[in-house]
Number of protein chains: 2
Amino acid sequence: MKNLSITRVLTEQGAPIAQRGKRSVREALLHCLVEMVVSGRFPENSTLPNEAELTEQFGVSRTSLREAMQYLSALGMVRSRTRAGTTVLPKENWNYLDPIVLDVMLSVGADETFYSSLIDARQLLEPAAAAEAATKANARQLYQISKAFEDMVEANSRDTEAWSRADLEFHTAIVNASGNWVYRQFASAIQAALLASFRLTNRASQSHEQAISSHQDVLEAIRMRQPEAARQAMAHLISSARGEMTEALRQASASPHLIA
Amino acid sequence: MKNLSITRVLTEQGAPIAQRGKRSVREALLHCLVEMVVSGRFPENSTLPNEAELTEQFGVSRTSLREAMQYLSALGMVRSRTRAGTTVLPKENWNYLDPIVLDVMLSVGADETFYSSLIDARQLLEPAAAAEAATKANARQLYQISKAFEDMVEANSRDTEAWSRADLEFHTAIVNASGNWVYRQFASAIQAALLASFRLTNRASQSHEQAISSHQDVLEAIRMRQPEAARQAMAHLISSARGEMTEALRQASASPHLIA
DNA sequence: TCCAGAAATAAATCATATTTATATTGACTT
DNA sequence: AAGTCAATATAAATATGATTTATTTCTGGA
(Lines give C-alpha, C1' and ligand atoms only; values in the text may rest on other atoms or scores of the structure.)
Protein backbone atom coordinates (compact mmCIF):
# COMPACT_ATOMS: atom_id res chain seq x y z
CA MET A 1 0.00 0.00 0.00
CA LYS A 2 1.99 2.95 -1.18
CA ASN A 3 1.15 6.60 -0.88
CA LEU A 4 -2.48 6.07 -0.01
CA SER A 5 -2.31 8.49 2.82
CA ILE A 6 -3.35 11.49 0.79
CA THR A 7 -6.43 10.00 -0.71
CA ARG A 8 -7.41 8.53 2.59
CA VAL A 9 -8.32 11.92 3.99
CA LEU A 10 -12.01 12.29 3.58
CA THR A 11 -14.16 15.32 3.17
CA GLU A 12 -17.06 15.76 5.48
CA GLN A 13 -19.35 14.26 2.91
CA GLY A 14 -17.29 11.12 2.97
CA ALA A 15 -15.83 11.59 -0.46
CA PRO A 16 -12.07 11.27 -0.72
CA ILE A 17 -10.19 14.52 -1.05
CA ALA A 18 -8.22 13.07 -3.94
CA GLN A 19 -5.41 14.77 -5.75
CA ARG A 20 -5.70 18.50 -5.48
CA GLY A 21 -2.04 18.51 -6.24
CA LYS A 22 0.16 16.10 -4.36
CA ARG A 23 -0.44 17.21 -0.85
CA SER A 24 0.46 15.71 2.47
CA VAL A 25 -2.21 14.45 4.80
CA ARG A 26 -1.54 17.49 6.91
CA GLU A 27 -2.14 20.00 4.13
CA ALA A 28 -5.22 18.23 2.88
CA LEU A 29 -6.63 18.04 6.36
CA LEU A 30 -5.83 21.69 7.00
CA HIS A 31 -7.73 22.74 3.91
CA CYS A 32 -10.70 20.66 4.99
CA LEU A 33 -10.76 22.13 8.45
CA VAL A 34 -10.25 25.72 7.34
CA GLU A 35 -12.95 25.26 4.75
CA MET A 36 -15.25 23.83 7.40
CA VAL A 37 -14.87 26.93 9.50
CA VAL A 38 -14.70 29.53 6.74
CA SER A 39 -17.74 28.13 4.98
CA GLY A 40 -19.75 29.01 8.04
CA ARG A 41 -21.02 25.51 8.64
CA PHE A 42 -19.81 26.08 12.16
CA PRO A 43 -20.71 29.67 13.06
CA GLU A 44 -18.86 31.84 15.56
CA ASN A 45 -18.87 30.56 19.10
CA SER A 46 -20.20 27.19 18.11
CA THR A 47 -18.17 24.20 19.16
CA LEU A 48 -16.69 21.76 16.70
CA PRO A 49 -17.30 18.03 16.98
CA ASN A 50 -14.90 16.48 19.45
CA GLU A 51 -11.64 14.87 18.49
CA ALA A 52 -12.99 11.36 18.27
CA GLU A 53 -15.70 12.29 15.79
CA LEU A 54 -13.39 14.37 13.63
CA THR A 55 -10.70 11.73 13.47
CA GLU A 56 -13.28 9.23 12.33
CA GLN A 57 -14.83 11.63 9.87
CA PHE A 58 -11.54 12.47 8.21
CA GLY A 59 -9.88 9.12 8.74
CA VAL A 60 -6.76 10.53 10.34
CA SER A 61 -5.13 9.92 13.66
CA ARG A 62 -5.67 12.12 16.66
CA THR A 63 -2.11 13.39 16.44
CA SER A 64 -2.57 14.67 12.92
CA LEU A 65 -5.87 16.24 13.83
CA ARG A 66 -4.45 17.91 16.89
CA GLU A 67 -1.50 19.30 15.01
CA ALA A 68 -3.85 20.69 12.43
CA MET A 69 -5.88 22.22 15.26
CA GLN A 70 -2.72 23.92 16.49
CA TYR A 71 -2.47 25.53 13.11
CA LEU A 72 -6.09 26.69 13.25
CA SER A 73 -5.44 28.04 16.69
CA ALA A 74 -2.39 29.89 15.35
CA LEU A 75 -4.72 31.41 12.78
CA GLY A 76 -7.00 32.64 15.55
CA MET A 77 -9.85 30.57 14.21
CA VAL A 78 -10.47 28.26 17.12
CA ARG A 79 -9.70 27.97 20.78
CA SER A 80 -9.55 24.69 22.63
CA ARG A 81 -10.32 24.45 26.30
CA THR A 82 -10.58 21.26 28.25
CA ARG A 83 -14.06 20.10 28.87
CA ALA A 84 -15.49 22.99 26.87
CA GLY A 85 -14.33 21.55 23.57
CA THR A 86 -12.98 23.43 20.60
CA THR A 87 -14.93 26.57 19.77
CA VAL A 88 -14.89 28.81 16.73
CA LEU A 89 -13.60 32.31 17.48
CA PRO A 90 -15.18 35.47 16.06
CA LYS A 91 -14.03 36.39 12.59
CA GLU A 92 -12.28 39.50 13.88
CA ASN A 93 -9.57 37.25 15.24
CA TRP A 94 -8.90 35.27 12.10
CA ASN A 95 -5.69 35.73 10.26
CA TYR A 96 -7.00 36.20 6.75
CA LEU A 97 -3.52 36.86 5.43
CA ASP A 98 -2.58 33.22 5.80
CA PRO A 99 -2.14 31.60 2.38
CA ILE A 100 -4.44 28.70 3.18
CA VAL A 101 -7.19 30.94 4.52
CA LEU A 102 -6.95 33.23 1.51
CA ASP A 103 -7.04 30.25 -0.79
CA VAL A 104 -10.18 28.93 0.82
CA MET A 105 -11.80 32.35 0.97
CA LEU A 106 -11.22 32.91 -2.72
CA SER A 107 -12.61 29.53 -3.63
CA VAL A 108 -15.67 29.44 -1.41
CA GLY A 109 -16.16 32.32 0.94
CA ALA A 110 -15.55 35.53 -0.94
CA ASP A 111 -18.33 38.05 -1.33
CA GLU A 112 -18.04 41.46 -2.91
CA THR A 113 -16.97 43.26 0.26
CA PHE A 114 -14.12 40.80 0.54
CA TYR A 115 -12.75 41.85 -2.81
CA SER A 116 -13.38 45.53 -2.34
CA SER A 117 -11.55 45.50 0.98
CA LEU A 118 -8.64 43.95 -0.81
CA ILE A 119 -8.69 46.56 -3.54
CA ASP A 120 -9.03 49.45 -1.10
CA ALA A 121 -6.06 48.15 0.83
CA ARG A 122 -3.97 47.88 -2.30
CA GLN A 123 -4.94 51.38 -3.33
CA LEU A 124 -3.75 52.62 0.03
CA LEU A 125 -0.62 50.57 0.49
CA GLU A 126 1.02 50.07 -2.82
CA PRO A 127 1.49 53.75 -3.72
CA ALA A 128 3.06 54.32 -0.32
CA ALA A 129 5.25 51.26 -0.78
CA ALA A 130 6.32 52.45 -4.23
CA ALA A 131 7.29 55.84 -2.83
CA GLU A 132 9.33 54.21 -0.09
CA ALA A 133 10.93 51.90 -2.60
CA ALA A 134 11.96 54.88 -4.72
CA THR A 135 13.75 56.24 -1.68
CA LYS A 136 15.28 53.14 -0.22
CA ALA A 137 15.56 50.31 -2.74
CA ASN A 138 19.03 48.84 -2.96
CA ALA A 139 20.62 47.47 -6.11
CA ARG A 140 19.41 43.94 -5.58
CA GLN A 141 15.85 45.05 -4.98
CA LEU A 142 15.94 47.33 -8.03
CA TYR A 143 17.13 44.40 -10.07
CA GLN A 144 14.28 42.22 -8.86
CA ILE A 145 11.74 44.81 -9.87
CA SER A 146 13.33 45.32 -13.27
CA LYS A 147 13.57 41.59 -13.80
CA ALA A 148 9.88 41.14 -13.07
CA PHE A 149 9.05 43.93 -15.49
CA GLU A 150 11.13 42.37 -18.25
CA ASP A 151 9.45 39.03 -17.64
CA MET A 152 6.11 40.76 -18.11
CA VAL A 153 7.18 42.34 -21.35
CA GLU A 154 8.49 39.06 -22.61
CA ALA A 155 5.37 37.13 -21.64
CA ASN A 156 3.14 39.80 -23.19
CA SER A 157 -0.18 38.24 -24.22
CA ARG A 158 1.64 35.16 -25.50
CA ASP A 159 1.71 33.32 -22.18
CA THR A 160 -1.00 34.19 -19.68
CA GLU A 161 0.51 32.02 -16.99
CA ALA A 162 3.94 33.65 -17.23
CA TRP A 163 2.34 37.09 -17.38
CA SER A 164 0.49 36.47 -14.14
CA ARG A 165 3.60 35.27 -12.39
CA ALA A 166 5.60 38.27 -13.54
CA ASP A 167 2.87 40.73 -12.57
CA LEU A 168 2.69 39.17 -9.15
CA GLU A 169 6.46 39.27 -8.81
CA PHE A 170 6.56 42.94 -9.82
CA HIS A 171 4.20 44.02 -7.07
CA THR A 172 5.76 41.88 -4.35
CA ALA A 173 9.24 43.08 -5.31
CA ILE A 174 8.17 46.68 -4.85
CA VAL A 175 6.52 46.04 -1.51
CA ASN A 176 9.63 44.19 -0.39
CA ALA A 177 11.83 47.05 -1.54
CA SER A 178 9.85 49.44 0.63
CA GLY A 179 11.82 48.03 3.53
CA ASN A 180 8.78 48.26 5.77
CA TRP A 181 8.01 44.95 7.36
CA VAL A 182 4.40 45.89 7.98
CA TYR A 183 3.80 46.57 4.30
CA ARG A 184 5.54 43.32 3.53
CA GLN A 185 2.95 41.41 5.52
CA PHE A 186 0.54 42.31 2.77
CA ALA A 187 2.44 40.60 0.06
CA SER A 188 0.29 37.51 0.48
CA ALA A 189 -2.93 39.53 0.42
CA ILE A 190 -1.81 41.38 -2.67
CA GLN A 191 -0.91 38.15 -4.36
CA ALA A 192 -4.32 36.80 -3.52
CA ALA A 193 -5.95 39.88 -5.00
CA LEU A 194 -3.97 39.49 -8.19
CA LEU A 195 -4.68 35.78 -8.46
CA ALA A 196 -8.35 36.51 -8.03
CA SER A 197 -8.26 39.14 -10.72
CA PHE A 198 -6.48 36.76 -13.06
CA ARG A 199 -9.24 34.27 -12.53
CA LEU A 200 -11.94 36.84 -13.04
CA THR A 201 -10.70 38.90 -15.92
CA ASN A 202 -10.02 37.85 -19.44
CA ARG A 203 -7.69 40.64 -20.26
CA ALA A 204 -8.03 41.91 -23.78
CA SER A 205 -4.71 41.80 -25.60
CA GLN A 206 -4.64 45.53 -26.28
CA SER A 207 -4.94 46.25 -22.56
CA HIS A 208 -1.66 44.40 -22.14
CA GLU A 209 0.09 47.25 -23.90
CA GLN A 210 -1.51 49.75 -21.58
CA ALA A 211 -0.65 47.69 -18.51
CA ILE A 212 2.98 47.42 -19.58
CA SER A 213 3.26 51.14 -20.03
CA SER A 214 1.75 51.76 -16.59
CA HIS A 215 4.15 49.33 -15.00
CA GLN A 216 7.02 50.94 -16.81
CA ASP A 217 6.09 54.33 -15.39
CA VAL A 218 6.33 52.93 -11.89
CA LEU A 219 9.63 51.23 -12.59
CA GLU A 220 11.19 54.33 -14.10
CA ALA A 221 10.08 56.54 -11.21
CA ILE A 222 11.64 54.13 -8.72
CA ARG A 223 14.81 53.91 -10.75
CA MET A 224 15.01 57.69 -10.93
CA ARG A 225 14.53 57.92 -7.18
CA GLN A 226 11.41 60.03 -7.49
CA PRO A 227 9.08 59.04 -4.64
CA GLU A 228 6.18 61.27 -5.64
CA ALA A 229 6.23 60.17 -9.24
CA ALA A 230 6.39 56.55 -8.10
CA ARG A 231 3.46 57.07 -5.77
CA GLN A 232 1.33 58.58 -8.49
CA ALA A 233 2.29 56.06 -11.13
CA MET A 234 1.41 53.22 -8.77
CA ALA A 235 -1.84 54.91 -7.78
CA HIS A 236 -2.73 55.14 -11.44
CA LEU A 237 -1.79 51.53 -12.04
CA ILE A 238 -3.93 50.29 -9.16
CA SER A 239 -6.82 52.47 -10.25
CA SER A 240 -7.04 50.71 -13.55
CA ALA A 241 -6.66 47.36 -11.82
CA ARG A 242 -9.54 48.36 -9.60
CA GLY A 243 -11.61 49.28 -12.61
CA GLU A 244 -10.98 45.96 -14.28
CA MET A 245 -11.74 44.06 -11.15
CA THR A 246 -15.01 45.77 -10.31
CA GLU A 247 -16.11 45.31 -13.90
CA ALA A 248 -15.22 41.63 -13.72
CA LEU A 249 -17.05 41.29 -10.42
CA ARG A 250 -20.12 42.92 -11.91
CA GLN A 251 -20.08 40.38 -14.73
CA ALA A 252 -19.35 37.51 -12.39
CA SER A 253 -22.25 38.36 -10.13
CA ALA A 254 -24.47 38.24 -13.19
CA SER A 255 -23.27 34.69 -13.78
CA PRO A 256 -22.18 33.55 -10.34
CA HIS A 257 -20.76 30.18 -11.35
CA LEU A 258 -17.71 31.94 -12.72
CA ILE A 259 -16.42 32.80 -9.28
CA ALA A 260 -16.19 29.23 -8.10
CA MET B 1 3.33 16.25 42.22
CA LYS B 2 0.88 18.85 41.18
CA ASN B 3 1.18 21.33 38.36
CA LEU B 4 4.86 20.91 37.77
CA SER B 5 4.46 20.79 34.05
CA ILE B 6 4.93 24.49 33.51
CA THR B 7 8.16 24.84 35.36
CA ARG B 8 9.50 21.73 33.70
CA VAL B 9 9.95 23.47 30.38
CA LEU B 10 13.52 24.51 30.13
CA THR B 11 15.16 27.30 28.25
CA GLU B 12 18.07 26.52 26.05
CA GLN B 13 20.47 27.41 28.78
CA GLY B 14 18.92 24.74 30.92
CA ALA B 15 17.28 27.15 33.32
CA PRO B 16 13.60 26.56 34.01
CA ILE B 17 11.25 28.93 32.25
CA ALA B 18 9.48 29.51 35.53
CA GLN B 19 6.41 31.58 36.02
CA ARG B 20 6.12 34.18 33.33
CA GLY B 21 2.46 34.22 34.19
CA LYS B 22 0.68 30.92 34.50
CA ARG B 23 1.23 29.53 31.09
CA SER B 24 0.67 26.10 29.65
CA VAL B 25 3.57 23.99 28.51
CA ARG B 26 2.52 24.75 24.98
CA GLU B 27 2.64 28.53 25.36
CA ALA B 28 5.91 28.51 27.22
CA LEU B 29 7.47 26.25 24.64
CA LEU B 30 6.14 28.42 21.82
CA HIS B 31 7.75 31.49 23.28
CA CYS B 32 11.03 29.66 23.64
CA LEU B 33 11.02 28.45 20.08
CA VAL B 34 9.92 31.74 18.56
CA GLU B 35 12.57 33.50 20.60
CA MET B 36 15.14 31.00 19.43
CA VAL B 37 14.38 31.82 15.82
CA VAL B 38 13.73 35.54 16.15
CA SER B 39 16.87 36.10 18.17
CA GLY B 40 18.83 34.97 15.17
CA ARG B 41 20.64 32.18 16.94
CA PHE B 42 19.49 30.08 14.02
CA PRO B 43 19.88 32.24 10.90
CA GLU B 44 17.83 31.90 7.73
CA ASN B 45 18.15 28.59 5.93
CA SER B 46 19.94 26.96 8.83
CA THR B 47 18.39 23.80 10.18
CA LEU B 48 17.24 23.45 13.75
CA PRO B 49 18.40 20.60 15.97
CA ASN B 50 16.32 17.50 15.30
CA GLU B 51 13.29 16.48 17.31
CA ALA B 52 15.17 14.26 19.70
CA GLU B 53 17.62 16.95 20.72
CA LEU B 54 14.97 19.60 21.12
CA THR B 55 12.68 17.42 23.18
CA GLU B 56 15.56 16.67 25.47
CA GLN B 57 16.67 20.28 25.60
CA PHE B 58 13.24 21.56 26.55
CA GLY B 59 12.12 18.55 28.48
CA VAL B 60 8.86 18.14 26.61
CA SER B 61 7.39 15.27 24.68
CA ARG B 62 7.68 14.92 20.94
CA THR B 63 3.98 15.57 20.53
CA SER B 64 4.18 18.91 22.27
CA LEU B 65 7.24 19.87 20.31
CA ARG B 66 5.67 18.88 17.03
CA GLU B 67 2.51 20.80 17.75
CA ALA B 68 4.59 23.84 18.57
CA MET B 69 6.45 23.33 15.32
CA GLN B 70 3.13 23.30 13.49
CA TYR B 71 2.49 26.70 14.95
CA LEU B 72 5.89 27.97 13.84
CA SER B 73 5.19 26.57 10.43
CA ALA B 74 1.86 28.42 10.41
CA LEU B 75 3.85 31.56 11.16
CA GLY B 76 6.00 30.91 8.11
CA MET B 77 9.09 30.68 10.27
CA VAL B 78 10.15 27.13 9.58
CA ARG B 79 9.56 24.39 7.12
CA SER B 80 9.98 20.72 7.93
CA ARG B 81 10.88 18.20 5.30
CA THR B 82 11.66 14.60 5.91
CA ARG B 83 15.29 13.79 5.95
CA ALA B 84 16.27 17.42 5.43
CA GLY B 85 15.25 18.45 8.93
CA THR B 86 13.48 21.60 10.01
CA THR B 87 14.90 24.71 8.39
CA VAL B 88 14.40 28.39 9.17
CA LEU B 89 12.62 30.27 6.38
CA PRO B 90 13.67 33.75 5.22
CA LYS B 91 12.27 36.58 7.29
CA GLU B 92 10.12 37.79 4.41
CA ASN B 93 7.84 34.84 5.07
CA TRP B 94 7.36 35.39 8.77
CA ASN B 95 4.06 36.52 10.07
CA TYR B 96 5.14 39.39 12.26
CA LEU B 97 1.57 40.27 13.04
CA ASP B 98 1.16 37.24 15.25
CA PRO B 99 0.85 38.27 18.91
CA ILE B 100 3.58 35.92 20.08
CA VAL B 101 6.02 37.04 17.42
CA LEU B 102 5.32 40.70 18.14
CA ASP B 103 5.77 40.08 21.81
CA VAL B 104 9.15 38.45 21.27
CA MET B 105 10.22 41.10 18.77
CA LEU B 106 9.40 43.89 21.18
CA SER B 107 11.25 42.22 24.02
CA VAL B 108 14.39 41.11 22.21
CA GLY B 109 14.54 41.78 18.53
CA ALA B 110 13.35 45.31 17.88
CA ASP B 111 15.65 47.84 16.33
CA GLU B 112 14.76 51.35 15.28
CA THR B 113 13.61 50.43 11.78
CA PHE B 114 11.19 47.99 13.36
CA TYR B 115 9.47 50.77 15.25
CA SER B 116 9.56 53.27 12.42
CA SER B 117 7.95 50.75 10.08
CA LEU B 118 5.21 50.35 12.62
CA ILE B 119 4.70 54.09 12.91
CA ASP B 120 4.72 54.63 9.16
CA ALA B 121 2.11 51.93 8.76
CA ARG B 122 -0.11 53.50 11.40
CA GLN B 123 0.26 56.90 9.77
CA LEU B 124 -0.91 55.39 6.53
CA LEU B 125 -3.64 53.07 7.73
CA GLU B 126 -5.40 54.65 10.62
CA PRO B 127 -6.48 57.86 8.89
CA ALA B 128 -7.91 55.77 6.06
CA ALA B 129 -9.63 53.51 8.57
CA ALA B 130 -11.08 56.50 10.40
CA ALA B 131 -12.48 57.90 7.17
CA GLU B 132 -14.08 54.57 6.33
CA ALA B 133 -15.44 54.29 9.85
CA ALA B 134 -17.04 57.72 9.49
CA THR B 135 -18.85 56.43 6.42
CA LYS B 136 -19.79 52.94 7.50
CA ALA B 137 -19.75 52.49 11.26
CA ASN B 138 -22.95 51.03 12.63
CA ALA B 139 -24.52 51.88 15.97
CA ARG B 140 -22.72 49.13 17.84
CA GLN B 141 -19.36 50.11 16.47
CA LEU B 142 -19.98 53.77 17.23
CA TYR B 143 -20.83 52.81 20.76
CA GLN B 144 -17.60 50.86 21.14
CA ILE B 145 -15.57 53.84 20.01
CA SER B 146 -17.43 56.21 22.32
CA LYS B 147 -17.10 53.81 25.20
CA ALA B 148 -13.35 53.56 24.73
CA PHE B 149 -13.11 57.33 24.63
CA GLU B 150 -15.08 57.72 27.83
CA ASP B 151 -12.87 55.13 29.49
CA MET B 152 -9.89 57.21 28.50
CA VAL B 153 -11.37 60.37 29.94
CA GLU B 154 -12.22 58.60 33.13
CA ALA B 155 -8.78 57.03 33.51
CA ASN B 156 -7.09 60.36 32.75
CA SER B 157 -3.64 60.44 34.33
CA ARG B 158 -5.01 58.76 37.43
CA ASP B 159 -4.62 55.21 36.22
CA THR B 160 -1.92 54.58 33.62
CA GLU B 161 -2.91 50.97 33.16
CA ALA B 162 -6.56 51.81 32.45
CA TRP B 163 -5.55 54.67 30.17
CA SER B 164 -3.42 52.32 28.08
CA ARG B 165 -6.19 49.80 27.76
CA ALA B 166 -8.70 52.45 26.73
CA ASP B 167 -6.34 54.03 24.21
CA LEU B 168 -5.70 50.64 22.70
CA GLU B 169 -9.41 49.90 22.59
CA PHE B 170 -10.16 53.23 20.91
CA HIS B 171 -7.85 52.57 18.00
CA THR B 172 -8.88 48.96 17.51
CA ALA B 173 -12.55 49.92 17.62
CA ILE B 174 -12.04 52.42 14.82
CA VAL B 175 -10.10 50.00 12.67
CA ASN B 176 -12.82 47.42 13.23
CA ALA B 177 -15.50 49.91 12.33
CA SER B 178 -13.80 50.53 9.00
CA GLY B 179 -15.37 47.27 7.89
CA ASN B 180 -12.25 46.43 5.90
CA TRP B 181 -10.88 43.07 6.87
CA VAL B 182 -7.43 43.91 5.56
CA TYR B 183 -7.17 46.94 7.82
CA ARG B 184 -8.43 44.81 10.64
CA GLN B 185 -5.45 42.50 10.30
CA PHE B 186 -3.37 45.37 11.61
CA ALA B 187 -5.15 45.62 14.87
CA SER B 188 -2.53 43.43 16.50
CA ALA B 189 0.33 45.43 15.01
CA ILE B 190 -1.24 48.67 16.15
CA GLN B 191 -1.73 47.28 19.60
CA ALA B 192 1.90 46.25 19.66
CA ALA B 193 2.94 49.75 18.63
CA LEU B 194 0.86 51.28 21.39
CA LEU B 195 2.11 48.87 24.00
CA ALA B 196 5.65 49.65 22.97
CA SER B 197 5.01 53.36 23.23
CA PHE B 198 3.48 52.91 26.66
CA ARG B 199 6.63 51.16 27.74
CA LEU B 200 8.87 53.79 26.24
CA THR B 201 7.17 57.02 27.10
CA ASN B 202 6.43 58.52 30.44
CA ARG B 203 3.64 60.74 29.36
CA ALA B 204 3.55 64.08 31.09
CA SER B 205 0.20 64.67 32.69
CA GLN B 206 -0.50 67.82 30.71
CA SER B 207 -0.11 65.90 27.47
CA HIS B 208 -3.01 63.76 28.61
CA GLU B 209 -5.29 66.77 28.12
CA GLN B 210 -3.97 67.27 24.64
CA ALA B 211 -4.32 63.60 23.79
CA ILE B 212 -7.90 63.56 24.98
CA SER B 213 -8.80 66.54 22.87
CA SER B 214 -7.20 64.93 19.79
CA HIS B 215 -9.08 61.72 20.37
CA GLN B 216 -12.29 63.67 20.82
CA ASP B 217 -11.81 65.35 17.45
CA VAL B 218 -11.62 61.95 15.81
CA LEU B 219 -14.66 60.67 17.64
CA GLU B 220 -16.76 63.70 16.78
CA ALA B 221 -15.85 63.54 13.11
CA ILE B 222 -16.84 59.89 12.94
CA ARG B 223 -20.08 60.59 14.80
CA MET B 224 -20.87 63.43 12.42
CA ARG B 225 -20.18 61.18 9.46
CA GLN B 226 -17.46 63.43 8.10
CA PRO B 227 -14.85 61.16 6.50
CA GLU B 228 -12.40 63.88 5.57
CA ALA B 229 -12.49 65.48 8.99
CA ALA B 230 -12.01 62.07 10.56
CA ARG B 231 -9.07 61.34 8.31
CA GLN B 232 -7.36 64.60 9.20
CA ALA B 233 -8.08 64.36 12.90
CA MET B 234 -6.62 60.87 12.99
CA ALA B 235 -3.62 61.93 10.92
CA HIS B 236 -3.00 64.66 13.43
CA LEU B 237 -3.39 62.28 16.34
CA ILE B 238 -0.93 59.80 14.89
CA SER B 239 1.53 62.56 14.08
CA SER B 240 1.82 63.51 17.69
CA ALA B 241 2.07 59.85 18.66
CA ARG B 242 4.90 59.56 16.15
CA GLY B 243 6.61 62.57 17.68
CA GLU B 244 6.40 61.17 21.17
CA MET B 245 7.65 57.80 20.04
CA THR B 246 10.66 59.00 18.07
CA GLU B 247 11.58 61.22 20.99
CA ALA B 248 11.31 58.27 23.34
CA LEU B 249 13.36 56.12 21.00
CA ARG B 250 16.04 58.77 20.83
CA GLN B 251 16.24 58.80 24.60
CA ALA B 252 16.12 55.02 24.82
CA SER B 253 18.99 54.60 22.36
CA ALA B 254 21.00 56.91 24.59
CA SER B 255 20.36 54.50 27.47
CA PRO B 256 19.67 51.19 25.71
CA HIS B 257 18.78 49.17 28.76
CA LEU B 258 15.41 50.90 28.86
CA ILE B 259 14.16 49.06 25.81
CA ALA B 260 14.58 45.61 27.30
C1' DT C 1 32.19 8.91 -14.60
C1' DC C 2 27.58 7.92 -14.19
C1' DC C 3 23.54 5.63 -12.87
C1' DA C 4 20.57 2.29 -10.25
C1' DG C 5 19.54 0.53 -6.24
C1' DA C 6 20.46 -0.11 -1.16
C1' DA C 7 20.93 1.89 3.26
C1' DA C 8 20.29 5.34 6.50
C1' DT C 9 17.98 9.09 8.50
C1' DA C 10 14.55 12.16 10.21
C1' DA C 11 10.13 13.71 9.78
C1' DA C 12 5.20 12.21 9.30
C1' DT C 13 1.74 9.48 10.93
C1' DC C 14 -0.57 6.34 13.98
C1' DA C 15 -2.17 4.20 18.27
C1' DT C 16 -2.66 4.06 23.05
C1' DA C 17 -1.96 5.46 27.70
C1' DT C 18 -1.74 8.86 31.26
C1' DT C 19 -2.43 13.38 33.27
C1' DT C 20 -4.79 17.68 33.97
C1' DA C 21 -8.37 21.12 33.97
C1' DT C 22 -13.07 22.23 34.30
C1' DA C 23 -18.23 21.87 33.91
C1' DT C 24 -21.72 19.40 36.13
C1' DT C 25 -23.81 17.29 39.68
C1' DG C 26 -25.16 16.30 44.13
C1' DA C 27 -24.56 16.48 48.94
C1' DC C 28 -24.15 19.38 52.77
C1' DT C 29 -24.56 23.65 55.34
C1' DT C 30 -26.96 27.71 56.62
C1' DA D 1 -34.45 27.43 49.62
C1' DA D 2 -30.14 29.30 48.53
C1' DG D 3 -25.41 29.05 48.53
C1' DT D 4 -20.97 26.65 49.20
C1' DC D 5 -18.06 22.82 48.55
C1' DA D 6 -16.49 18.42 47.14
C1' DA D 7 -16.89 14.37 44.10
C1' DT D 8 -17.44 12.97 39.37
C1' DA D 9 -17.24 12.76 34.63
C1' DT D 10 -15.51 14.41 30.42
C1' DA D 11 -12.57 16.01 26.98
C1' DA D 12 -8.48 18.15 26.07
C1' DA D 13 -3.38 18.19 27.05
C1' DT D 14 0.58 15.59 27.33
C1' DA D 15 3.50 11.49 26.92
C1' DT D 16 5.49 7.50 24.67
C1' DG D 17 6.46 3.87 21.59
C1' DA D 18 5.79 1.95 17.07
C1' DT D 19 5.34 2.34 12.14
C1' DT D 20 5.48 4.55 7.65
C1' DT D 21 7.23 7.57 4.19
C1' DA D 22 10.22 10.52 1.72
C1' DT D 23 14.73 11.88 0.70
C1' DT D 24 19.57 12.01 0.93
C1' DT D 25 23.69 9.63 0.63
C1' DC D 26 26.33 5.81 -0.06
C1' DT D 27 27.78 1.93 -2.86
C1' DG D 28 28.50 -1.32 -6.50
C1' DG D 29 28.43 -2.14 -11.13
C1' DA D 30 28.46 -0.68 -16.07
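Details of the structure are given in the entry above.
None of the values given here were measured: they were computed from a predicted structure. (Residues numbered from 1 in each chain as written. Chains lettered and ligands numbered in written order. Predicted model: local features only at pLDDT ≥ 70, side-chain atom pairs only at ≥ 80, totals over all residues.)

Q: Describe unusual backbone geometry, and please don't skip the residues or the numbers.
A: Residues and elements named next belong to chain A. Backbone geometry at asparagine 45 places phi at a positive 75°, although glycine is not the residue there. Relative to the helices and strands, asparagine 45 resides in the loop between helix H2 (25-38) and helix H3 (51-58). Overall, the presence of 9 C-beta atoms within 10 Å leaves asparagine 45 in the exposed class. One non-glycine residue, arginine 225, lies in positive phi territory at about 60°. (Helix = DSSP H or I, 4+ residues; strand = E, 2+ residues; numbered from the N terminus. Buried ≥ 20, exposed ≤ 12 C-beta atoms within 10 Å, placed from the backbone.)

Q: Please set out the pairing of strand E2 (residues 85-88) of chain B residue by residue, giving values where relevant.
A: All names here are of chain B. Sheet analysis places strand E1 (residues 78-81) next to E2, joined by four bridges and oriented antiparallel. Pairing of valine 78 across the sheet is with valine 88, part of E2. Here E1 folds back onto E2, and the loop between the two strands holds three residues, one of which, arginine 83, carries a positive phi near 75°. (Pairing = 2+ DSSP bridges.)

Q: Lay out the interface of chain A and chain B with the relevant residues and their values.
A: Every contact between the two is made by 24 residues of chain A and, on the other side, 25 residues of chain B. Counting only elements with at least two residues in the side of chain A that touches chain B, the list comes to helix H4 (62-74), helix H6 (112-136) and helix H9 (181-184) of chain A. Class assignment of the residues belonging to the side of chain A that touches chain B gives a composition of 13 nonpolar, six polar and five charged. (Contact = placed C-beta atoms within 7 Å. Nonpolar A, V, L, I, M, F, W, Y, C, P; charged D, E, K, R; others polar.)

Q: Can you break down the relation of the copies chain A and chain B residue by residue, with the values?
A: Of the transformation placing chain A onto chain B, the axial shift is 0.0 Å and the rotation is 180°, giving an RMSD of 0.1 Å. The symmetry that links the two subunits is that of a two-fold axis. A symmetric contact is evident, with 100% of the interface residues of chain A recurring at the interface of chain B. (Least-squares fit on C-alpha atoms with pLDDT ≥ 70 in both.)

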